[in-house]
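# Overview (structure and organization)
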Amino acid sequence: MLYGRAAEQGQLSSLLQQAAHGASSALVIHGEAGIGKTALLDHLADGAGPARVLRTTGIESETELPFAALHQLLRPALGRLGVLPEPQAAALRAAFGLATPSGQDRFLTGLAVLTLLSEYAGEDPVLCLVDDAQWVDQASLDALMFAARRLDSEGVVMVFALREPRPFGLPELRLDALDREAATELLRTCGAGADLPPHVREQVAAQSRGNPLALIELPRSLSEEQRDGLLGPLPAAPADPTPSSRVQAAFGTRIDRLPESARAALVVAAADDTGDLATVLRAAGVTPAALEPAETVGLIRLEGSGLTFRHPLVRAAAYRSAPLSRRIDAHRALADALDGPEHADRRAWHRAAATTGPDEAVARDLDRAAERAVGRQGTASASAALERAAQLSPDPVDRRRRLIAAAQAAADAGQFQRVTALLRRGDTDLAADGATAGRQTAGPPAAGPQTRVAADTAAGAQAAGRQTAAAEAAVELARVRAASELNSGSAVRAVEVLLGTGSTGTAILVEAFHAAHSAGHAGLLGRLRDRVAAARPDPYDTLADLAALYGGDPLDGSRLAATARDDTALFSERFQAAHAVHLLADHENARDLATLLVAHTRAHGLLGWQATSLHLLAETHLVLGELEPAARTAAEGLRIAQYAGLDHRACYLRATLATCAALEGDGPNGTRYAEAALAHATAHDLGTAAAHAHRALALAHLGAGDPARALDHLDRADHDPAAPPSLAAAYLPDLVEAAARTGTVRPAALARVEQWAALTGRPAALALAARCRALTGGDDTAEEHFTAALTYGEQAGGAFERARTQLLHGEWLRRRRRRSDARRRLRAALELFEQLGARPWAERARAELRGTGEVIDATSATGTVLGRLTPQEREVVRLAAAGHSNREIATQLFLSPRTVGHHLYRAFPKLGVTARDQLRTAIEG
């Protein structure tokens, strides 16, 4: 029986009731240690009825073992692995060490968890309980949260319990202290508190502060004198007398009363993370009889081959109350007792815990553990292993190398606060090593701390005789620091970090161009061009092409396209080359290149680059007028960016989604995405992202026929008039149009559009330049320029921009009373806008047509039959109509197969169909 938790019990029971009818849900329970989280989970499991229960508990000593908790949770369901799509099954097998890792991304592992839970549900619900989630390893937690956030109609309930709230993005239930009545009743009726004198019971109740575990356990720790009220009622309180600390102290008191052999065995059990009784006994060198006293007083449970602690606070008390020498002996004994390749990571960590000084052999064991973790996409665990290896490194250069690798792994895991801390330690090590080597300097160079890192590294290398290794370490340190700055600091500072290395290497300068583009900073781009020119690169290499692109020099882009296709090149160089092709207005080619890069990132598990490549692909879809693929691709990229903690890329993807929403007439979502992008971009010096977000808001106003408000946003987007035209090409034509429609002319903006068109020579750019000339020139030349714009537009293939030109031409014709000619242009614009789903723009075209005297059927359009569906239903139906199975759709949209079926079930009556083979006709008719 649970005291004072009726409301919480009812809330949890309702989740199971809903799951019985196919609805899925997730909940995070949080509260201090001993507050009753585990008791609630036990209650839920006991009342699960026909539901299948999967359960795991985080263990503090397992936090660095990737996928340990996930394997414990899913072990009963692994028999269903064979029904998963093979890539997903392979990802889980690799994560659990059942197969050789092949570079699958973490996203695929999370999707595999979602699919497996859906398949395991069958006809009955599945209840997943994750206790002590604060100690679940990061790889497991990422995969579980991925699945939890995508639950829909699988009949799955996931409940997480942890001490402190964390921003998981899931519904939360906070457990507070029991009220006085419930606390008194619990103390009066349960165990050792029942026969306490009233005044002692009152003291225990007051100092327990409504914590149920304290109410149960503190009375058991009282001596006879304390129970009689002759002494203070509680064990000696620690410095921080919270209920949980008092409970831990109480457990410590009970442990101190055990025989020596039991206490020694408990230390080994507390240091162990397998829960395997045989392992503990072997390491402790005892028989099961040694643990009987601890079992008898309820500190541990021995069931079959397993050993579990009564509560995590018992484990903590057993471990922390032991002297350091005994803890070291326990870890050393466990390292010796754990044999076999499946325990290699555990052995490495136990050896590290038993080591008190530098030890290269142990550091190398941790290096290998990190390599295995990276292969299974456990980058957070890899970072922790490398950090500990750095602490144990006798050689300063090895220590720096491992700290840099740890920072890189932390960045890959999205742990950018850890990146900053690791890099600061790298700086500290550099300074200390330089001082030890007798380095004399007048102070850091004027270029700043990044140059100091390079200089200090070089000085340390001279002292150690390892100049090349140290120089490489400095460059890698700068790259990791720049990645951290770009994601969660300042794009401007990211460029400064990279320039501060003094390096002219391709990797450094390509990444610097990427960061400078994000900053939208003309001055930084100018410094980069100067650096490239000073390095005298091959006039035909990627750096020279990027310098030309951002310098406003003519460029055909063929070499860049070839680089983007070269799978032997650095991926950062390939991406920048493909992005440059897009900036050169070769959008169809850029779309193909982006598709190639996305496929590469999926195959090689490059999660961060996957989100970045999806962003490029979405932008190419968008500029080609492919609104639905653009929104779908950007949404996928945003899910990955959020999952991986890539705030910088998420900002850009929100701006893209805001643009899609603006064109489709989804005002609330467009505003929400744009404002979120602007907030992040403004705080982190992402000038280009801010410009894209302002453009999205401007397009919404242009579509609604409000050019004045659009112009205000576009003026803010054009924050740096000195920026090269390739940087501003996305919004300059809109700026020219908004100005023209408000009766003003922006000659500088027009000149930059013309410069961009001349730079690229591509039909898409030439079409936009011609349209801008039509809007700003006199009536005697407007017709000629509109015609040229449409001719170029046909060659470019961008349906949306072509429709905009037809609309503007039609408006111009109508105002000159050429109604017949205007109708022809406006009908063509309306047809294209409706095909694209650009509702506001279709309404503008419809209003102009009415102005010509044409009667428009108000029910005709602004969309198709798909407009009856929700966005998710629309994506599912399109894929189903194309012949994809539910499993294939689930994989592509990151849903479970059961959720796909549920969406189709809801969509069929909306479309007036009864079978899957009718979908194609329904959506095309």
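Rules and cut-offs
- As a convention, each chain's residues are numbered from 1 in the sequence order in which they are written.
- For a predicted model such as this one, the threshold for reporting local features is a pLDDT of at least 70, and the threshold for listing and counting side-chain atom pairs is 80 or more; totals across whole chains, interfaces and linings nevertheless cover every residue.
- Side-chain figures throughout are based on the complete set of non-hydrogen atoms in the structure, without hydrogens or water.
- Only DSSP runs of H or I reaching four residues or more are called helices, and only runs of E reaching two or more are called strands; each is numbered from the N terminus.
- Summary of the burial criterion: residues with accessible area below 20% of their type's maximum are buried, those above 50% are exposed, and those between are partly exposed, where the area comes from a 1.4 Å probe applied to protein chains only.
- In what follows, residue pairs with any heavy atoms lying within 4.5 Å of each other are defined as contacts.
- Surface accessibility in these figures is a Shrake-Rupley result with a 1.4 Å probe; residues are shielded only by whichever protein chains are displayed.
- Pairing between two strands is assigned when DSSP locates at least 2 bridges connecting them.
- Consider the strands pointing away from the viewer: the crossover is right-handed when the path from the first strand over the helix to the second runs clockwise.
- Every residue carries a pLDDT, the predictor's confidence in it, which falls somewhere between 0 and 100.
- Inter-axis angles, ranging from 0 to 180 degrees, are taken between N-to-C directions of lines fitted to C-alpha atoms, where helices are fitted over the stretch in contact.
- Here the word oblique covers every angle except those under 35 degrees (roughly parallel), over 145 (roughly antiparallel) and from 65 to 115 (roughly perpendicular).
- Take the far helix as your reference; a near helix turned counterclockwise from it by less than a right angle gives a left-handed crossing, and one turned clockwise gives a right-handed crossing.
- Amino acid classes used here: Ala, Val, Leu, Ile, Met, Phe, Trp, Tyr, Cys and Pro are nonpolar; Asp, Glu, Lys and Arg are charged; the rest, including Gly, are polar.
- Two aromatic rings, drawn from Phe, Tyr or Trp (for Trp, its six-membered ring), form a pair once their centres lie within 6.5 Å of each other, and the interplanar angle then sorts them: stacked below 30 degrees, edge-to-face above 60, tilted otherwise.
- A positively charged side chain is recorded as over a ring if its NZ (Lys) or CZ (Arg) lies within 6 Å of the ring centre. The angle to the ring normal must also be within 35 degrees.
- In the sections that follow, a salt bridge refers to a side-chain nitrogen of Lys or Arg positioned within 4 Å of a carboxyl oxygen of Asp or Glu.
- Helix span, as expected, comes to 1.5 Å for every residue beyond the first.
- Among buried residues, the Ala, Val, Leu, Ile, Met, Phe, Trp, Tyr and Cys ones that are joined through side-chain atoms within 4.5 Å form a nonpolar core.
- Any pair of nitrogen or oxygen atoms within 3.5 Å is treated as a polar contact; in protein, a donor-acceptor pairing is required on top of that, and neighbouring residues in sequence qualify only through side-chain atoms on both sides.

## Observations concerning the overall build of the protein chain
What the protein chain contains, in helices and strands, is 48 helices and seven strands. The buried share among the 925 residues of the protein chain stands at 57%. Long-range pairs, those at least 24 residues apart, make up 67% of the contacts in the protein chain between residues at least 6 apart in sequence. Total accessible area on the protein chain is roughly 36,200 Å²; 51% of this is exposed by carbon and sulfur atoms.

## Observations concerning the pairing of strand β3 (residues 126-131)
Most of β3 is tucked away, with six of its six residues classed as buried. Alternating positions in β3 separate into two faces, Val126, Cys128 and Val130 on one and Leu127, Leu129 and Asp131 on the other, with burial throughout. Here five bridges tie β3 to strand β4 (residues 156-162), and the two strands are oriented parallel to one another. The residue of β4 that forms the bridge with Cys128 is Met158. Note on the crossover from β3 through helix α6 (residues 138-148) to β4: the handedness is right-handed.

## A look at the confidence of the model for the protein chain
Summary statistics for the protein chain give a mean pLDDT of 84 and a share of 88% for residues scoring 70 or more. Long-range and interchain partners of residues 231-239, a stretch whose pLDDT sits below 50, account for 23 contacts in this model, where long-range means more than four residues apart. Segment residues 434-468 is flagged for pLDDT under 50; beyond a separation of four residues in sequence, or across chains, it makes 35 contacts in the model.

## Remarks on the packing of helix α41 (residues 779-796) against helix α42 (residues 799-815)
Taken N-terminus to C-terminus, the directions of α41 and α42 make an angle of 160 degrees; their axes are 10 Å apart at the nearest point. With respect to α42, the element α41 is oriented roughly antiparallel. As α41 packs across α42, the resulting crossing turns out to be left-handed. Residues Asp779, Ala782, Glu783, Phe786, Ala789, Leu790, Gly793 and Glu794 of α41 form the contact with α42, whose participating residues are Arg802, Thr805, Gln806, Leu808, His809, Trp812 and Leu813. Here the residues of the contact of α41 with α42 are counted per class, giving seven nonpolar, four polar and four charged.

## Description of the packing of aromatic side chains
With the rule as written, the count across this model stands at seven aromatic pairs. For the pair Phe800 and Trp841, a centre-to-centre distance of 5.4 Å together with 85 degrees between the ring planes defines the contact as edge-to-face. Placement of the pair is Phe800 in helix α42 and Trp841 in helix α44 (residues 839-851), with a sequence separation of 41 residues. Owing to a relative accessible area of 3%, Phe800 belongs among the buried residues under this scheme. Here the aromatic cluster, defined as three or more aromatic residues joined through ring pairs, consists of Phe571, Phe575 and Trp609. The cationic tip of Arg150 hangs over the ring face of Phe146; the distance from NZ or CZ to the ring centre is 3.9 Å. A cation sits over an aromatic face here: Arg672 above Tyr673, 4.6 Å from the ring centre.

## Here we look at the environment of Ala594
As for its placement among the helices and strands, Ala594 is situated in helix α30 (residues 587-604). Judged by relative accessible area, Ala594 falls into the buried class, the value being 0%. Placed 20 residues apart in sequence, Ala594 and Leu614 show a C-alpha to C-alpha distance of 7.3 Å. Excluding residues within four positions of it along the chain, Ala594 makes contact with Ser613, Leu616 and Leu617.

## Brief notes about the pattern of salt bridges
Scanning the entire structure with this criterion turns up 47 salt bridges. Between Asp345 and Arg372 there is a salt bridge, and its shortest N-O distance comes to 2.7 Å. Here Asp345 is found in helix α17 (residues 344-353), whereas its partner Arg372 is found in helix α18 (residues 360-375), with 27 residues between them in sequence. Between Arg802 and Glu794 there is a salt bridge whose closest N-O contact spans 3.4 Å. With a relative accessible area of 15%, Arg802 lands in the buried category. For Glu794, a relative accessible area of 54% gives the class exposed. Here the residues in one salt-bridge network are Arg695, Asp734, Glu737, Arg741, Arg771, Glu801 and Arg804, joined through shared partners.

## Considerations on the sheet that holds strand β2 (residues 52-57)
An order of β2-β3-β4-β1-β5 is seen for the five strands of this open sheet, with the pairing classed as parallel. The sheet is open, and its two borders are formed by β2 and β5 (172-174), each paired with just one other strand. Within this sheet the neighbouring strands show an average axis-to-axis angle of 15 degrees, counted without direction. Helix α2 (residues 37-46) rests against β1 (25-30), β2, β3 and β4 of the sheet, and its axis sits at about 165 degrees to β3.

## Quick notes on helix α11 (residues 243-256)
Structural remark: α-helix, 3.6 residues per turn; residues separated by three or four positions point the same way. Taking 1.5 Å per residue, 14 residues should reach 20 Å; α11 reaches 20 Å between its end C-alpha atoms and fits that length. Within α11, 10 of the 14 residues are buried, leaving the element largely enclosed by the surrounding structure. Those residues of α11 that fall on the buried side of the exposure criterion are Pro243, Ser244, Ser245, Arg246, Val247, Ala250, Phe251, Gly252, Arg254 and Ile255.

## Observations concerning the nonpolar core
Where a protein is soluble and globular, its nonpolar side chains tend to be buried together. The biggest cluster of nonpolar side chains holds 180 residues, and the ones touching the most others in it are Leu74, Met158 and Phe833. Aside from chain neighbours lying at most four places away, what touches Leu74 is Leu54, Phe96, Val113, Leu116 and Leu117. In terms of nonpolar packing, the next biggest core, distinct from the first, is built from 48 residues, Val247, Leu258, Ala270 and Ala337 among them.

## Quick word on unusual backbone geometry
Despite not being glycine, Phe67 shows a phi value in the positive range, around 70 degrees. Its location among the elements puts Phe67 in the loop between β2 and α3 (68-74). You will see that Ala585, though not glycine, has its phi angle at about 70 degrees, which is positive. You can see Ala585 is positioned in the loop between α29 (571-583) and α30. Residue class for Ala585 comes out buried when judged on its relative accessible area of 4%.

## Thoughts on the pairing of strand β7 (residues 306-309)
Where strand β6 (residues 300-303) lies against β7, four bridges are found, and the strand directions are antiparallel. The residue bridging Glu303 from the neighbouring strand is Gly306, located in β7. Hairpin connection between β6 and β7: a loop of two residues separates the two successive antiparallel strands, and Gly304 in this loop has a positive phi of roughly 60 degrees.

## Observations concerning the side chain of Gln134
Structurally, the position occupied by Gln134 is in the loop between β3 and α6. Within the structure, Gln134 has its side chain in polar contact with the backbone nitrogen of Arg163 (distance 3.4 Å). Beyond its immediate sequence surroundings of up to four residues, Gln134 is in contact with Ala161, Leu162, Arg163 and Arg166.

## Some remarks on the packing of helix α43 (residues 819-836) against α44
Here α43 crosses α44 at 160 degrees, and the two axes come no closer than 9 Å. When the axis of α43 is compared with that of α44, the two are roughly antiparallel. The element α43 and its partner α44 pack so that their crossing is left-handed. Contacts from Arg819, Arg823, Leu826, Arg827, Leu830, Phe833 and Glu834 of α43 reach α44 at Trp841, Ala842, Ala845, Arg846, Glu848, Leu849 and Gly851. Residue classes in the contact of α43 with α44 are distributed as seven nonpolar, one polar and six charged.

## Side note on the environment of Leu807
Within the secondary structure, Leu807 sits in helix α42. Taking C-alpha positions, Leu807 is 9.9 Å from Leu849, a pair spaced 42 residues apart along the chain. With residues near it in sequence (within four places) discarded, Leu807 still touches Leu826, Ala829, Phe833, Trp841, Arg844, Ala845 and Glu848.

## Digging into the environment of Gln72
Within the element layout of this structure, Gln72 appears in helix α3. When the C-alpha positions of Gln72 and Leu54 are compared, they lie 8.8 Å apart, and in sequence the two are 18 residues distant. Within the local environment of Gln72, its side chain forms a polar contact with the side chain of Thr56, the two groups lying 2.3 Å apart.

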